[in-house]
Every structure is written in structure tokens, then in C-alpha cells.
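Reading the structure
If you want the building blocks of each chain, they are given just below.
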Amino acid sequence: MKNGSKYSLEFERPLKELERRIEEIRLFAEEKQIDMSEEIARIEEKARSLKAEIYKNLTPWQKVQIARHPKRPTFLEYIDHIFHGFIELHGDRLYRDDPALVGGLAYLEDIPVTILGHQKGRDTKENIYRNFGMPHPEGYRKAIRLMKQAEKFGRPIITFVDVAGAYPGKEAEERGQGEAVAKAIKEMTGLKVPIVVVITGEGGSGGALAIGVGDRILMLENAYYSVISPEGCASILWKDASRAAEAAEVLRITANDLLAVNVIDEIIPEPLGGAHTAPEEMAKTMKERILENLNAIIDMDPDELVTKRYQKFRRLGRYLEE
């Protein structure tokens, strides 16, 4: 995986300016053959302090921006570092293959598993091919097919969620987008194999939930998970999409917010600066957390597994009345 440090977000610019100054001083010292190690060390310490201050105090909107970072690791990149022996399976056996949702067979250490995930592109050409990671109904029908196959052969299922939302285009609606999403949720609820879900970036609406019904829901520190995007919420509430940062605050879409109300089970910490700054380290941490959570449920009785999963989601949204 490639490091994505060259691209910077608005709130990162003071830090990037310090890093640029460090590089300039280092090059100047090499060119003039003079010792400027003390000056470099002083600015490096200032940069470390600023970096810690920025990333330990991120606002919800800043976390949304990191979740959408164009260099954030994708599902296919994580596969190479978490699994081995991956064989991609294609098609929904009804219409076509959907490259926005990738699935197949792999090994997690020595455990045969079925893996599924949303796949975004790295450039314009790939994003067009992948439809910017937004599946059509055939993508979710492919996911259903592979999950039912996993149940047939007793393979645990691991899904990776990173989607702005299911594709809302006319052709998707004509082919039954709502039905496909609803059926995927319904089928996942009753699958008699362990399911571990990892929200790695964006977790948008039914497009995320369609492969997000699991026994263990893990979420990366800077990911977000919401019924609607901040821009969409702002457009509906205030008729002004530019108030997205304000909407992100009130939606409670961060990992800490969702852990507090038991929507997710665990937060996976990211390297300081985001997953894109140290993707291999991020993948290693994810693999450890996935393995531990899967091993905790892999030997559970299938009927008990389904009952607990059902109860888990029925408990969401509970409230008290006086």
C-alpha cells in the first residue's frame, strides 16, 4: 500500500507547512554542507506536538473528511495484508457483475472465510468503473448469493463497509435497489454463520447496512456511520448543504458516539493522522481485531448466534419514558 501523506485537508495545512519547512532546511543544509540539526529537531518537535493536538481533537466533520480521504486504503488493498489465497467471485446470476461491491473466498490465517466489501477507485477512470464505490442492486444481490453460499459451507463472513450510499440512479431504481438492500439486510439477520463487520471509511445509509448486519460491528477511529450524509442532512433540515459541518455534529456519526449507544461493538484505533498515513500498520491492527472478534464467536451454536444477532439489532434505539 502507498502512503497518502502528500494530499492535505484544510485543517492539516499548518502541519504540512511545518513539514515543508523541515524538508527545505534539510535540503539547504545538505547543499551548503552545514549542520542545522538543532533547528530541524526544534521544528520536528513542534510538528509532533501540533500533529498530536490536531488529531486528538478532531471534530465530527474533520473525521468525515478523513474517512473520505482519496488516499484512504481500499478494500482490495486491505485484502492483500489481512487475507491470503483470495479468489474473487463475480455476478449475481440475474443481471451482471457489479465492480462497486467485491466479494470472494479467502483465508484469514488458517480459517476459510467469505469476504465482501465496497470498492472505490483511485483515479477518475477507476472511479467510473467502480461507480465511486456505490453498488447497483446487482451488487447487493451478488453479496446475498455469496453470503448464502458461505452459510451452505459453514464459512464465517467478514464484510468491509465504505460507501456513501447505494447508487440512487434511475437504472438502479428500475432494477429494484430498495428491494435488494432490504433483502440483504433480511438475509444477513438469519445467516447461521459468524459475521464480523468492519466500517473502514464511509458508512452511508442502507448502502452500508445492506452488508452491515453482523454479530460483531467494528469501526475504524476516523470512519463515520450514518443514516444520511452530513450534506444530505443539512439540505433537508436547513435547505443548505454548506452547513454539513453543523449537521455532522448533531447526527452523532463518529465511532465514539456510536459506541456509546451500542450501535458498534469496538473502535479500531488508527495511526496518528489517519489510516492512509500508515496503511500496512492499519491493516495489521485490523487483522488482529478481526481475528480476536471472530474467534470469540466462531464456535457458537448457529441458532444461538442468530438469536443473539437478532436481539442485538432489536435493542438499537431503546429509550426510557418517565
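Predicted model, so just to flag it, every value in this text is computed and none were measured. (Residues numbered from 1 in each chain as written. Predicted model: local features only at pLDDT ≥ 70, side-chain atom pairs only at ≥ 80, totals over all residues. Heavy atoms only, no water.)

For the coordinates displayed, the defined rule picks out three aromatic pairs. Measuring from ring centre to ring centre gives 6.3 Å for F11 and Y55, while their planes differ by 75 degrees; the resulting arrangement is edge-to-face. Here F11 is found in the segment before α1 (13–32), whereas its partner Y55 is found in helix α2 (residues 37–55), with 44 residues between them in sequence. For the pair formed by F11 and Y55, the shared burial category is buried. Ring geometry for F83 against F160: centres 6.0 Å apart, planes inclined by 75 degrees, an arrangement best described as edge-to-face. With F83 in the loop between α4 (75–82) and β1 (84–89) and F160 in strand β4 (residues 157–163), the pair connects residues that are 77 residues apart, well separated along the chain. One aromatic cluster in this structure is built from F75, F83 and F160. Above the ring of W238, the side-chain terminus of R243 is found at 4.2 Å from the ring centroid. (Phe/Tyr/Trp six-rings, centres within 6.5 Å; stacked < 30°, edge-to-face > 60°. Helix = DSSP H or I, 4+ residues; strand = E, 2+ residues; numbered from the N terminus. Buried < 20%, exposed > 50% of the residue type's maximum accessible area, 1.4 Å probe, protein only. Lys NZ or Arg CZ within 6 Å of the ring centre and 35° of its normal.)

Now for the layout of surface pockets. Over the atoms, a rolling probe the size of a water molecule traces out where space has been left empty. Taken as a whole, the largest pocket spans an internal volume of roughly 390 Å³. In this structure, the largest pocket is lined by 17 residues; those nearest its centre are L209, Y225, S226, V227 and V263. Among the secondary structure elements, those contributing two or more residues to the lining of the largest pocket are α9 (205–209) and β7 (224–226). Ranked by residues supplied to the lining of the largest pocket, first place goes to α9 with three residues. (1 Å grid on protein atoms, 1.4 Å probe; cavity = no way out; pocket = protein on both sides within 12 Å on 5 of 7 lines; lining within 4 Å. Points joined across faces, edges and corners; volume = space filled by probe spheres on them.)

A few words now on the UniProt feature "domain: CoA carboxyltransferase C-terminal" (unreviewed entry) in the protein chain. UniProt's entry tags residues 42–296 with the feature "domain: CoA carboxyltransferase C-terminal" (unreviewed entry), counted in the numbering of this structure. Summarising residues 42–296: 46% helix, 20% strand, and an end-to-end C-alpha distance of 47 Å. (UniProt positions renumbered as here; feature names shortened; annotations may be inferred.)

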